[in-house]
Amino acid sequence: MTPTTLAVRLLRTLRTPARLGPAFLLALLVAAPAAHAQAGTIAGVVVDEDLGESLIGVNVLVEELGTGAATGLDGDYRIAGVPAGTYTLVVSYLGYNTQRITGVAVTSGTTKVDVALTEETLELEGEVVVEARALLNNEAGLLRQRQRSAALSDAVSAETIARAGASTAADALQKVPGASVVGGNTIVVRGLSDRYLNTQLNGATLPSADPEKQAAPLDLFPSGLLDNIVTSKSFTVDKPGTFTGGGVNISTRSFPERLTAQFSSSVGFNTTVEPGSELLLFDGGGVGFFGNPSGSLAMPGIVAGLGPRDISSAPREERAAITNAFSSTFAPQAQSVPVNASYSGSLGNQTTLFGRPFGFLFGANWSASTDGYTGGVNSEFGGTSTTITRDYLLDTRLGEEEVLFGGLANLNYRLTDRNELGLNVLYNKNATSTAVFQSGLFTDGTLQESDNVYEGRSLLYTERALFSSQLRGKHALNARGLRAEWNAAYSRTTLDEPDYRVFQNEIDRSDPASGDADYLIRTSAYDAPSRTYRNLGEDGASGALDVEIPAGTLAGRSVQLKVGGAADVRSRSFRERSFVYPVGTTGQRFLDEFDGDVNALVANAADLGLFVDEQTDLDADYDGTLNIYAGYGQVDVALTRPLRFVGGLRYEYTDLSVTSPNGAFRSGRTEGGYTAGGLGEALLPAASLVYAVGDNMNLRAAYGKTLARPSFREVAPRAVFSLAERYTINGNPDVRQSKIHNADLRWEWFTRPGEILAVSGFYKRFTDPIELTFLAGNNQFQPNNLGDADLYGLEVEARRRLDFLPGRLGNLQVGGNLSLVNAEVELLDFDKVARGECTLEQADAGACPASTRPLQGQSPYVVNLDLGYSDRERGTNVSLFYNVFGRRLFAVSQGVVPDLYEESRATLDLTASQDVWRGFSVKLSAKNLLGASYQLVHRDEDTGAEYLRRAYDLGRAFSFGVSYSL
C-alpha cells in the first residue's frame with residue numbers, strides 16, 4: 001500500500017468531529033512524503049493573445065520526451081509523470097503560430113506554464129520561441145480575466161481572502177471597491193441595499209435563508225471553501241435581470257492538479273466578552289456542537305396537536321397541563337464565556353477514471369463563537385411637529401452564541417477533451433442563541449409613572465440552513481468554437497425560530513419612604529409575556545442553458561453569438577404560532593421580584609387565572625411562489641482590432657404571489673392572496689463598448705436596464721417584533737417592482753500582472769425604488785415606493801507592488817479604492833406633507849415645492865485601503881486593511897421624527913502569518929482595532945439635531961491559528 005493510499009484510507013475512517021483534527025493531520029503527514037516523491041507535472045492554460053479566449057484542442061508537446069496533451073474546454077492542459085529536469089514545450093494549433101517555450105524547469109509538484117498564441121500571419125514564419133514564464137498568482141489571474149471581460153467587474157481571489165484574514169464571504173467582499181457589510185452578513189455595493197444585489201453560487205442563483213433579506217446571507221460561506229468572488233457592476237443579458245448594484249458570483253474551490261490537503265485551527269476572543277467573564281446567555285437554548293439537537297425548544301406535543309386558538313376553549317385542567325408543558329425559563333442567565341474556536345479541512349486530487357481525468361475536492365468547516373455587549377443604548381422618540389420627545393431610554397445587555405458548520409463536495413469528470421461534467425454539493429448551517437436584558441425609564445409620563453423602572457427580557461434561538469446541489473456541463477460541439485454550457489440546480493433553505501420568549505415588566509417605587517417595590521405588568525404600555533414559534537422553508541429549482549455560436553467574420557473580425565434561456569422556480573412556506581400569558585390591561589401586580597420563572601408568576605397570581613393562551617395571528621402564515629422564466633440573445637463582435645461591442649436583449653417573465661393557508665387574509669384582499677405589482681413581462685436591453693487603448697489598457701462604456709423585485713416577506717401582510725431592536729417590521733402588499741436604467745464608464749490600466757489603476761463613473765435612474773420607511777407613531781417599519789431617484793457615482797481603484805524600493809521593502813504592496821455616491825429621491829407630495837414640508841392645501845393645489853432626500857440604504861462614500869508585506873522566501877505575510885463607509889439612511893421617516901441613519905464606521909484589521917516548518921504555519925489576526933461601535937441616529941438634516949436610537953460596542957477581536965498545507 002502506497003503512502004498516498006494509506007492517507008486516503010485514514011481520512012475515510014473519520015466518523016466523529018472529535019477525531020477530525022488529529023486524523024486529518026495524521027493523514028496529511030503520511031501523504032506529504034508521497035507527494036514530494038512523485039514526478040512532476042506541467043500544466044497551464046492556452047489562450048488567444050488578442051481576444052483572451054481559451055483555445056480548445058491545442059497540442060502541447062514535451063519535445064525531449066515526445067509526450068504531451070491537448071487542451072480541454074477551458075483551454076487547460078496537464079502533462080503528468082514528467083521526470084525532474086529542464087524541457088522545451090512545443091505548442092501548436094491550426095491557424096496560429098507554433099510556439100516553442102524553452103527552459104521549462106520541472107521538479108516535484110506542478111510547474112505552471114500559461115501560453116498566449118498569436119494568429120498566423122504572412123510576416124511570421126509560423127514559429128515563435130520564448131523563454132518559460134513563471135505563473136502569475138491568483139490575483140493577477142483575476143485581473144487578466146477582468147481585462148478581457150465584457151462587463152465591468154471587480155474580484156477578490158483566494159490569495160487576497162487569505163491575506164485579509166477573512167473568515168466568511170461577507171468579510172472577503174469588504175475588499176471589493178464600493179462594498180461594505182450590513183449586519184455582518186449582507187453586502188451593500190455602490191451604496192445600494194441588498195435588494196439590488198444578485199448572488200450566485202458557481203453561476204446558479206442563491207436563495208435567501210433570511211426572511212427579512214433579499215440577498216443570500218454571505219456569512220454562511222466560510223472563506224476556506226472559496227476560490228474567488230467576482231462582482232460584476234454592469235449588466236449583460238446573459239445574467240439575471242435583478243442586477244443593479246451588482247452581481248456577485250461565489251466560486252467554490254475546484255479540484256486541484258495534484259494531491260492537496262489542508263487543515264487549520266484557531267482560537268480567539270472579542271474584548272466585549274473576554275473568556276472567563278460572565279455574560280447573559282440563553283440557558284437551555286444553547287447552540288451545542290451542531291445546533292440544538294436535544295429538542296428542548298420544540299413545541300410541546302400536547303400543544304402541537306391542537307389547532308390555533310383551541311387552548312382557550314379547553315377545560316381548566318387541560319389548560320393547566322398545557323401551561324406546565326412549556327419551559328418556564330423567561331430570563332437570561334449569567335454564564336462564563338468560553339474561547340472562540342474554529343476548524344477547517346479539505347482534501348483534493350486529480351486522477352483518472354476509466355482512463356479520463358477525474359478531479360475531486362472535499363471540504364468541511366466548524367466554528368463556535370460567543371459575542372455580545374453591555375452598556376448598549378435603546379431609545380424611542382415621538383412628539384409633535386415642533387417638539388421631539390424621548391419615550392424611553394434603556395440600558396441593554398446582549399449575549400450571543402453562534403455555531404457555523406458546513407461541507408462541500410466538488411466532482412469534475414472530463415468525458416472527452418471536449419465534454420466535461422461537474423457536480424457541486426454544499427451544505428451550511430448557522431445556529432445562533434441570543435439573550436437580551438433591558439432596563440431603564442419611560443420618560444413620557446403619559447405612559448406610566450415616571451419613576452417606574454422598566455425591564456425587558458428576550459430569549460431567541462435561530463437556525464438557518466442552506467443546501468445546494470448543482471449539476472453542470474461544458475461541451476465544445478465542434479472545432480470552430482460552437483460551445484454549450486448548462487446547469488441544473490436544486491436548493492433548500494430553512495429558518496427555524498422555536499420558542500422566542502419575551503417578558504416585560506415594571507418596578508414601581510412610587511413610595512420610596514417605605515422601601516418597598518411593587519412588580520407589575522402593564523399591557524397598556526407593552527405586550528404581555530409571550531412565546532412564539534416560527535419556521536420557514538423554501539425550495540428552489542433552476543436551470544440554464546448558454547450556447548456560444550461563432551457567426552463568421554465582419555470586416556475580417558470575428559463575430560460571436562450567444563443565446564440562452566433560464567428558469568427559476570421557488571416556493572416558500574412560513575408558519576407562526578404565538579402564545580401569551582394574559583395579565584389584563586390595567587397593570588397586574590405580582591408579589592415577588594421576577595427571577596425568570598414564568599410559572600412562579602402564574603402561581604403567585606393564581607386568582608388572575610394566568611394560564612397560557614394562544615393568540616396566533618392568522619395573517620402571519622403565508623405560502624409564496626416565485627416563477628421566473630428568461631431568454632436572451634447577445635452578439636460579441638470586434639468592430640475593429642481595438643474596439644469590441646457586446647450587446648443584446650433579455651426577456652424575463654416574473655410571477656410572485658403570496659397566499660394564506662387559512663383562506664383569505666383577514667386584513668383584506670380576496671382568497672387569491674396578494675400578487676406583487678409591476679411584475680409580468682420585461683424586456684431588458686444591454687450594450688457595452690470596450691476599446692483597447694493598448695495591450696494593457698481599456699476604456700469601457702456600458703448601458704443596461706435592470707429590475708428590483710420585492711421579496712416574499714415584503715409582500716406578505718404580517719408583522720414581526722424584535723425586542724433587541726425594539727421595533728416591528730410590517731409587510732406591504734401594495735409595494736411595486738423597481739425598474740432601473742444603468743450607465744457606466746470606466747478607464748482601466750493593467751500596469752503589470754497583479755497591478756491596476758482604474759477610474760469609473762456611473763449613473764442610475766430608479767423608477768419606484770423600494771425603501772424601508774419608519775412610522776414613529778406606532779414604532780413600525782414597512783417597505784414602500786416613495787418616489788423616483790437619481791444616483792451618480794465615481795470609483796477609483798489602484799493596486800501597486802513596491803518592488804522598486806531597496807531590500808526587503810520591495811516586498812511591500814499597496815492597494816485601495818474609493819467610491820463616492822450621490823443618490824437623491826424626488827419626494828411625492830404626500831411624503832412632503834408627512835414630513836411637514838408641505839400643507840394639505842398646497843398638495844391639493846399641486847403647489848408643493850420640489851424636495852429631495854437621500855436614497856434609503858445608500859452610503860455617500862466607501863473607502864478601502866490595504867498595505868501588505870509578502871516575503872515568499874521566508875514565508876512571511878503581513879497585511880493591514882482599513883475600511884470606512886459614510887452615514888447611510890437606514891429608514892425613511894413618515895412622521896414628525898427625523899429620518900433614521902446608520903452612522904459612519906471605520907474598521908482597521910491586521911493579519912500576520914508565518915511559515916514555520918514543512919507546510920506548517922501560524923497566523924495572528926486582530927480586527928476592529930479602532931474600536932468602532934454601531935449607532936442608529938434620528939438626524940434632522942435641516943437643523944443638524946440628532947437623537948440616538950440604538951448603540952452598542954462592537955469590540956476588538958483577536959485570534960491565533962495554526963494550519964498545515966500539503
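Just so it is clear, the structure is predicted and the values come from calculations on it, not from any experiment. (Residues numbered from 1 in each chain as written. Predicted model: local features only at pLDDT ≥ 70, side-chain atom pairs only at ≥ 80, totals over all residues. Heavy atoms only, no water.)

### Describing the overall build of the protein
Helix and strand content of the protein: 11 helices and 53 strands. Relative to its 966 residues, the protein shows a buried fraction of 52%. Within the protein, counting contacts between residues at least 6 apart in sequence, those at least 24 apart form 71% of the total. (Helix = DSSP H or I, 4+ residues; strand = E, 2+ residues; numbered from the N terminus. Buried < 20%, exposed > 50% of the residue type's maximum accessible area, 1.4 Å probe, protein only. Contact = heavy atoms within 4.5 Å.)

### Examining the pattern of salt bridges
Counted under the stated rule, the structure contains 35 salt bridges. Glu455 serves as the salt-bridge partner of Arg457, at 2.8 Å between the closest nitrogen and oxygen. Residue Arg457 shares its accessibility class with Glu455, and that shared class is buried. Between Asp768 and Arg736 there is a salt bridge, with its nearest N and O atoms 3.0 Å apart. Pair noted here: Asp768 is in the loop between β39 (756-767) and β40 (770-775) and Arg736 is in the loop between β37 (727-730) and β38 (738-749), with a separation of 32 residues, a long-range link. Here the salt bridges share partners, and the residues they tie into one network are Glu538, Asp568, Arg570 and Arg572. (Salt bridge = Lys/Arg side-chain N within 4 Å of Asp/Glu carboxyl O.)

### Structural notes on the confidence of the model for the protein
Of the residues in the protein, 75% reach a pLDDT of 70 or more, and the chain-wide mean stands at 77. Strand β31 (residues 622-638) holds the highest mean pLDDT among the elements of the protein, 91, whereas helix α1 (residues 3-12) holds the lowest, 38. Low pLDDT, under 50, characterises residues 1-37; the stretch is placed with 48 contacts to residues that sit more than four places away or in other chains. (pLDDT = per-residue confidence, 0-100.)

### Re the packing of aromatic side chains
One pass over the full model with this rule turns up 21 aromatic pairs. On the numbers, 6.4 Å between centres and 35° between planes, the contact of Phe358 with Phe360 is tilted. A single burial state applies to Phe358 and to Phe360, both of which are buried. Taken together, a centroid distance of 5.5 Å and an interplanar angle of 15° make the contact between Phe574 and Tyr622 stacked. Here Tyr622 lies in strand β31 and Phe574 lies in strand β28 (residues 557-580), a separation of 48 residues in the sequence. Judged by relative accessible area, Phe574 falls into the buried class, the value being 3%. Following the ring pairs from residue to residue traces out a cluster consisting of Phe358, Phe360, Phe362 and Tyr413. When the ring centre of Phe885 is taken as reference, the NZ or CZ atom of Arg888 above it lies at 3.9 Å. (Phe/Tyr/Trp six-rings, centres within 6.5 Å; stacked < 30°, edge-to-face > 60°. Lys NZ or Arg CZ within 6 Å of the ring centre and 35° of its normal.)

### Topic: unusual backbone geometry
Located in the positive-phi region is Asp768, a residue other than glycine, with phi close to 60°. Positive phi, normally seen in glycine, also occurs at Asn928, with a value near 55°. Among the structural elements, Asn928 can be located in the loop between β50 (920-927) and β51 (933-939).

### Quick notes on a nonpolar patch on the surface
A contiguous nonpolar surface patch, about 520 Å² in accessible area, is contributed by Val569, Tyr629, Leu649, Tyr651, Tyr653 and Leu683. Per element, the largest residue contribution to the nonpolar patch is three residues, and it comes from strand β32 (residues 643-659). Examined against the element boundaries, Leu649 turns out to sit in strand β32. (Patch = residues over 30% accessible without salt bridge, like charges linked within 9 Å, V, L, I, M, F, W, Y side chains within 5 Å. Areas by Shrake-Rupley, 256 points an atom, 1.4 Å probe, with all protein chains shown as cover.)

### Focus: the environment of Val896
With respect to the helices and strands, the residue Val896 is situated in the loop between β47 (888-893) and β48 (900-902). We classify Val896 as partly exposed; its relative accessible area is 39%. Residues Val896 and Phe381, spaced 515 residues apart in sequence, show a C-alpha to C-alpha distance of 9.5 Å.

### Remarks on the nonpolar core
Grouped together as the largest cluster of nonpolar side chains are 20 residues, with contacts concentrated most on Phe326 and Phe579. Those residues in contact with Phe326 that lie beyond four places of it in its chain are Pro300, Val303, Arg531, Tyr533, Phe579, Tyr581 and Val612. (Core = buried A, V, L, I, M, F, W, Y, C linked by side-chain atoms within 4.5 Å.)

### Description of the side chain of Glu614
With respect to the helices, strands and loops of the structure, Glu614 is situated in strand β30 (residues 613-614). For Glu614, a relative accessible area of 4% translates into the label buried. Engagement of the side chain of Glu614 in a polar contact is seen with the side chain of Arg577, the distance being 2.9 Å. Within the structure, Glu614 has its side chain in polar contact with the side chain of Thr616 (distance 2.6 Å). (Polar contact = N/O pair within 3.5 Å; in protein donor to acceptor, adjacent residues only side chain to side chain.)

### Considering the pairing of strand β49 (residues 905-917)
Pairing of strand β46 (residues 876-885) with β49, which is carried by 10 bridges, proceeds in the antiparallel orientation. In the strand pairing of β49, Phe885 is matched with Arg905. Where β49 lies against β50, seven bridges are found, and the strand directions are antiparallel. Residue pairing for β50: Asp915 is matched across the bridge by Ser921. Between β49 and β50, which pair antiparallel one after the other, the connecting turn spans two residues, and Arg918 there sits at a positive phi close to 45°. (Pairing = 2+ DSSP bridges.)

### Some details on the environment of Leu707
Take Leu707: it is sitting in strand β35 (residues 697-708). Along the sequence, Leu707 and Thr244 sit 463 residues apart, while their C-alpha atoms lie 7.2 Å from each other. Among residues more than four places away in sequence, those in contact with Leu707 are Gly241, Thr242, Phe243, Thr244, Glu652, Ala682, Leu684, Gln737, Ser738, Lys739 and Ile740.

### Digging into the environment of Leu684
Assignment of secondary structure puts Leu684 in strand β34 (residues 680-694). Sequence separation between Leu684 and Pro240 is 444 residues; the distance between their C-alpha atoms is 9.9 Å. Apart from the residues lying within four places of it in its own chain, the contact partners of Leu684 are Phe235, Val237, Gly241, Gly648, Leu649, Arg650, Glu652, Lys705, Thr706 and Leu707.

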